[in-house]
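The lines below spell out each chain.
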Amino acid sequence: MQTRTLGSTGPAVSALGLGAMGMSGGAYGPADRAESIATVHAALEAGVTLIDTGDFYAMGHNELLLAEALRGRDRDSYRLSVKFGALRGPGHVFGGQDNRPEAVKNFLAYSLTRLGTDHVDIYRPARLDPAVPIEETVGAIKEMIDAGYVRFVGLSEVDAATIRRAHAVHPIADLQIEYSLLSRAVEAEILPTLRELGIGLTAYGVLGRGLISGHWSPGHVAGPGDLRGFSPRFSSGNVEHNLALVEALRRIAGTLDCTVAQLAIAWVAAQGGDIVPLAGARTRERLAEALPAMELSLSADDLAEIDKAVPLGAARGDRYPPAFMSSLGVGN
């Protein structure tokens, strides 16, 4: 497994990370606990060292799952990226974001206990809290770094101005944000800002929540609790248009002897050595498909063909439902 460094001050991690959200709570359909743990083990054995979670993923279930999967492993052999601050209520109701300094420390204490570790490698607010200056939130994380409980500060889904303000308080290792062939809003202002400041990018949603994995078919219906049932990009009318883009990618993948998923992941990785794609694999089968993407070398001609097949802004429908779009630093 190749490695990449998250920005100029962040840690060296595997060139492909593992996103664990789908392993808990049925966010993308049912997940099997034993298979999820086996998938984490397979990722580690393949050289994946970056594992991403959130304390609100199934209300702590994901952290407990990872604690079980990582038990007995050398703590220096992997890096834990943890998002915090998203408030949840019974029935999986979202209740906003709490990034107050006292809340930062409270959330961290719970995460350390659930994860069974003495430190988190990268700690990041899941979204911007409009009621709390980002300087106060980053300042609280810095205190936790000084105390030895956190190694690096990360951000998630914020705009360029917020990145600059946060970075002025403490060096930011990376920004986690959605980036895929279907979601390229980061290219206009976010990526140039990150590169100017020496901040890395960890890209989630590289397969468009399965939409451009090559495995989603017309007429497929999301099951109960599956977030894609509420996603505008999967709604009737939009999904057919978006799947036509996938078929264009499938033709290119055929010429390169790879799958659509591998092509989509490789495209994200090819956008810069400062970008680490996160594969949200819930099974060893999907992980095994994702891993070879990091060995796929795309030429300038290949990238041009891909861009022609799925040009900037080609996707139809927002990447989140309307209620969530307002919390994002950039759009689609």
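To be clear, the structure that these remarks concern was listed above.
The following paragraphs examine the structure supplied in this document. Just so we're clear, the structure is a prediction, and the values are computed from it rather than from any experiment.

## A few points about the nonpolar core
Within the largest apolar cluster, 90 residues are counted, with the highest numbers of intra-cluster contacts made by Val40, Tyr123 and Tyr179. Ranked by size, the runner-up nonpolar core spans ten residues in total, among them Leu6, Val13, Tyr204 and Val276.

## Section: helix α4 (residues 134-146)
Here α4 is 13 residues long and its end C-alpha atoms lie 18 Å apart, about the 18 Å a rise of 1.5 Å per residue gives. The set of residues buried in α4 consists of Ile134, Thr137, Val138, Gly139, Ala140, Ile141, Met144 and Ile145. On its buried face, α4 is in contact with β5 (79-84), α3 (101-115), β8 (120-125), β9 (150-156) and α5 (160-169). Of the residues flanking the end of α4, it is Gly148, one or two places downstream, whose phi is positive at about 90°.

## So, the environment of Ala279
Along the chain, Ala279 turns up in strand β12 (residues 275-279). Classification of Ala279 as buried rests on a relative accessible area of 6%. Along the chain, Ala279 and Ala20 lie 259 residues apart, while their C-alpha atoms are 8.6 Å from each other. Those residues in contact with Ala279 that sit more than four places away from it in its chain are Leu16, Gly17, Leu18, Gly19 and Ala290.

## Considerations on the packing of aromatic side chains
The description of an aromatic ring pair rests on the distance of the ring centres and on the angle between the ring planes. As enumerated under the stated definition, the model contains six aromatic pairs in all. Their ring planes at 20° and their centres at 4.4 Å tell us that Phe84 and Tyr123 sit as a pair that is stacked. Here Phe84 is found in strand β5, whereas its partner Tyr123 is found in strand β8, with 39 residues between them in sequence. Assigned by exposure class, Phe84 and Tyr123 land together as buried. Considering the side-chain rings of Phe94 and Phe324, the 5.3 Å spacing of their centres and the 85° angle between planes classify their relative orientation as edge-to-face. A residue pair is termed long-range when its members are at least 10 positions apart, and Phe94 in strand β7 (residues 93-97) and Phe324 in helix α11 (residues 322-325) qualify at 230 residues. Members of the aromatic cluster, connected to one another through ring pairs, are Phe84, Phe107 and Tyr123. Over the aromatic face of Phe94 sits the side chain of Arg88, whose NZ or CZ is 4.2 Å from the ring centroid. Of note, Arg209 hangs over the ring of Tyr320, and the distance from its end group to the ring centre comes to 4.6 Å.

## A short note on the packing of α5 against helix α6 (residues 190-197)
In contact at an axis separation of 9 Å, α5 and α6 are set at 20° when each is read in the N-to-C sense. Looking at the two axes, α5 sits roughly parallel to α6. For the crossing formed where α5 meets α6, the hand is right-handed. Of the residues in α6, those in contact with Ala160, Ile163, Arg164 and His167 of α5 are Ile190, Thr193, Leu194, Glu196 and Leu197. Classifying every residue of the contact of α5 with α6 by side-chain character gives five nonpolar, two polar and two charged.

## Some thoughts on empty space enclosed by the protein
Within the structure shown, the criterion is met by one cavity of 30 Å³ or more. Estimated volume of the largest cavity: approximately 50 Å³. Forming the boundary of the largest cavity are Glu178, Leu182, Gly208, Arg209, Leu211, Ser231, Arg233, Phe234 and Arg319. Tallied by class, the residues present in the lining of the largest cavity amount to three nonpolar, two polar and four charged.

## Some remarks on the environment of Glu295
Position of Glu295 among the secondary structure elements: in the loop between α9 (284-290) and α10 (300-309). Sequence separation between Glu295 and Met1 is 294 residues, and the spatial gap between their C-alpha atoms is 8.8 Å.

## Description of the pattern of salt bridges
Enumeration over the complete set of coordinates arrives at 23 salt bridges. When the shortest N-O distance is used, the salt bridge between Glu68 and Arg33 registers 2.7 Å. One end of the pair, Glu68, is in helix α2 (residues 61-70); the other, Arg33, is in helix α1 (residues 33-45), and 35 residues separate them in sequence. Overall, Arg33 belongs to the partly exposed group, its relative accessible area being 38%. Taking the shortest distance from any N to any O, the salt bridge between Glu285 and Arg286 comes out at 3.9 Å. Each of Glu157, Glu178, Arg209 and Arg319 takes part in salt bridges that share partners, so that together they form one network.

So, how was this worked out
- Residues numbered from 1 in each chain as written.
- Predicted model: local features only at pLDDT ≥ 70, side-chain atom pairs only at ≥ 80, totals over all residues.
- Heavy atoms only, no water.
- Core = buried A, V, L, I, M, F, W, Y, C linked by side-chain atoms within 4.5 Å.
- Buried < 20%, exposed > 50% of the residue type's maximum accessible area, 1.4 Å probe, protein only.
- Helix = DSSP H or I, 4+ residues; strand = E, 2+ residues; numbered from the N terminus.
- Expected span 1.5 Å × (residues − 1).
- Contact = heavy atoms within 4.5 Å.
- Phe/Tyr/Trp six-rings, centres within 6.5 Å; stacked < 30°, edge-to-face > 60°.
- Lys NZ or Arg CZ within 6 Å of the ring centre and 35° of its normal.
- Axes fitted to C-alpha atoms, helices over the stretch in contact; angles between N-to-C directions.
- Parallel < 35°, antiparallel > 145°, perpendicular 65-115°, else oblique.
- Left-handed = near helix turned anticlockwise from the far one by under 90°.
- Nonpolar A, V, L, I, M, F, W, Y, C, P; charged D, E, K, R; others polar.
- 1 Å grid on protein atoms, 1.4 Å probe; cavity = no way out; pocket = protein on both sides within 12 Å on 5 of 7 lines; lining within 4 Å.
- Points joined across faces, edges and corners; volume = space filled by probe spheres on them.
- Salt bridge = Lys/Arg side-chain N within 4 Å of Asp/Glu carboxyl O.

The quantities given are spatial measurements derived from coordinates; they are silent on function.
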